[in-house]
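# Notes for the structure review
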Amino acid sequence: MSTPAAPPFMLDFLLKLLNTPSPTGFTDAAVTLIEEELRGLGVPTHRTRKGALHWTLPGSSSSDKQNTRHLALSAHTDTLGAMVKAILPDGRLRLSQLGGYDWATIEGAYVRVHTQAGRQISGTVVNEYQSLHVWGERLRELRRSADNLEVRLDEAVFSATDTRTIGIEVGDFVSFEPRAVLMPAGYLKSRHLDNKASVAILLELTRQLLTQPAPITVSGWITTYEETGHGAAPGFAVPGFGEATELITLDMAAVGRGQTSSEHHATLCVKDSGGPYDHALGNRLRAAAGRAGLDLKIDIYPHYSSDATAAWRAGHDLPAALIGPGVDASHAYERTHTDALDACVNLLVTYCHG
């Protein structure tokens, strides 16, 4: 079976972005990659003092009503990760989490330790009782935590002094290898589809709006601290264009038993841990899905929040909605399908053209 049709620009860019480490607080390389892609499209960009990136596509309409509409679309490029919390006497590392994941989901993960000198040193997350042949039932009974998971470095280190000698120190960032693979049937398996899939969707939307401009002003925002809860807190004001009048946040839709979200569809999240999103804006997105002929899934996530939540909690006065592609096994080794990426792009193109 061949891969279903999907814009090559979107998939090629997504694979590059997935392979660019960007744990929260260490996102400069990923933001630079996004900047370069936008500049290649001829789109000027601006970085905020906090490190977020935004750009604006002016509306094409002469209508006063359309010209007063300014849609902000946000997606975050920061991912789950860690920092070195301690160097153990045998040279292995203890970790401090970046983002809200269960420790069990990173056992066996390949990692890179990013030193202050710019080296990337590889390793693997293992637990202190990793060998069943050595520890037997202690391995089976172990509850994974910060106290028993550690990084085994791929260097000849046997002491804390050895580890420090190769340049690793407390406070160094640790990224999880994505192991991104695009399968022939159109499935994309990788860590960090949350939320790099949505960044790729936003850039593909930008590419399409350059060809067919929308009547309304559209600004794209890439935030860099979503996984720690304050990515969109500064708001969505664009010099020369004013404050956005509505916000649609793009983030992954969590797939699992009891959920309606699907790896093959776009999803509108109507409620998460922050409460319900704006009902009228959600209904406008439902109407756009109908015009586009899309089977839009509607879902609720009790253990979830987004940049829209952060913007509201910071006091920003604008309606907000949350959409995204269905992602299975969120915050672990994730998977989505090109169908869901395409559906999100089509939904947003239709919505922007109203």
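Attention here is on the structure that accompanies the text. (Residues numbered from 1 in each chain as written. Predicted model: local features only at pLDDT ≥ 70, side-chain atom pairs only at ≥ 80, totals over all residues. Heavy atoms only, no water.)

All right, on to the overall build of the chain then. For the chain, the helix and strand inventory stands at 10 helices and 21 strands. Overall, the C-alpha framework of the chain stretches about 70 × 40 × 40 Å when taken along its three principal axes. Sequence separation of 24 or more characterises 76% of the internal contacts of the chain that already satisfy a separation of 6 or more. When the accessible surface of the chain is split by element, carbon and sulfur atoms take 52% of a total near 15,000 Å². (Helix = DSSP H or I, 4+ residues; strand = E, 2+ residues; numbered from the N terminus. Contact = heavy atoms within 4.5 Å. Areas by Shrake-Rupley, 256 points an atom, 1.4 Å probe, with all protein chains shown as cover.)

Next up on the list: the nonpolar core. Among the nonpolar cores identified, the biggest contains 73 residues, and Ile34, Leu73 and Ile248 are the most heavily contacted of them. Judged by nonpolar contacts, the second largest core, of 23 residues, contains Val84, Leu95, Ala160 and Ile166. (Core = buried A, V, L, I, M, F, W, Y, C linked by side-chain atoms within 4.5 Å. Buried < 20%, exposed > 50% of the residue type's maximum accessible area, 1.4 Å probe, protein only.)

This part takes up the packing of helix H7 (residues 193-211) against helix H10 (residues 338-353). Contact geometry of H7 with H10 gives a least axis separation of 9 Å together with a crossing angle of 45°. As summarised for this structure, H7 and H10 are arranged oblique, according to the angle between their axes. Considering how the two elements wind past one another, H7 and H10 form a crossing that is right-handed. When H7 is examined against H10, the residues Ala197, Ile201, Glu204, Leu205, Gln208 and Leu209 are found in contact with a partner set consisting of Leu341, Cys344, Val345, Leu348, Val349, Cys352 and His353. Class assignment for the residues of the contact of H7 with H10 results in 10 nonpolar, 2 polar and 1 charged. (Axes fitted to C-alpha atoms, helices over the stretch in contact; angles between N-to-C directions. Parallel < 35°, antiparallel > 145°, perpendicular 65-115°, else oblique. Left-handed = near helix turned anticlockwise from the far one by under 90°. Nonpolar A, V, L, I, M, F, W, Y, C, P; charged D, E, K, R; others polar.)

The next subject is the environment of Phe236. Take Phe236: it is sitting in the loop between strand S12 (217-223) and strand S13 (237-238). Separated by 221 residues in sequence, Phe236 and Leu15 have C-alpha atoms that sit 28 Å apart. Contacts of Phe236, omitting those with residues within four sequence positions, involve Ala72, Ser74, Trp221, Gly242, Glu243, Ala244, Leu247 and Ala311.

A word on the layout of surface pockets. Any empty space left between the atoms is revealed when a probe the size of a water molecule rolls over them. Each pocket or cavity is described by its volume, and for the largest pocket that value is around 460 Å³. In terms of lining, the largest pocket is formed by 20 residues, of which the most central are Met252, His303, Tyr304, Ser305 and His331. For the lining of the largest pocket, a count of residues per class yields 6 nonpolar, 9 polar and 5 charged. There is about 240 Å³ of room inside the second largest pocket. Along its surface, the second largest pocket is lined by 15 residues, and Thr48, Arg49, Trp221, Pro234 and Gly235 are the ones closest to its centre. Looking at the lining of the second largest pocket residue by residue, the class counts come to 7 nonpolar, 6 polar and 2 charged. (1 Å grid on protein atoms, 1.4 Å probe; cavity = no way out; pocket = protein on both sides within 12 Å on 5 of 7 lines; lining within 4 Å. Points joined across faces, edges and corners; volume = space filled by probe spheres on them.)

Turning next to H10. With 16 residues, H10 should cover 22 Å at 1.5 Å per step; its first-to-last C-alpha distance of 23 Å lies within 8% of that length. Residues of H10 that are buried include every one of Thr338, Ala340, Leu341, Asp342, Ala343, Cys344, Val345, Leu347, Leu348, Val349, Tyr351 and Cys352, and no others. The first or second residue beyond H10 is Gly354, which carries a positive phi of 55°. (Expected span 1.5 Å × (residues − 1).)

Moving on to the state of the cysteines. Every disulfide links exactly two cysteines, by a covalent bond between their sulfur atoms. The tally for this structure, following the rule as stated, stands at 0 disulfides. Considering cysteine sulfurs only, Cys269 is the nearest to Cys344, which forms no disulfide, with 13 Å between them. Looking at Cys344, the relative accessible area reads 1%, which means it is buried. The closest cysteine sulfur to the non-disulfide-bonded Cys352 is located on Cys344, 13 Å from its own sulfur. Look at Cys352 and you get buried, because its relative accessible area is 1%. (Disulfide = S-S within 2.5 Å.)

The analysis is restricted to geometry; functional conclusions fall outside its scope.
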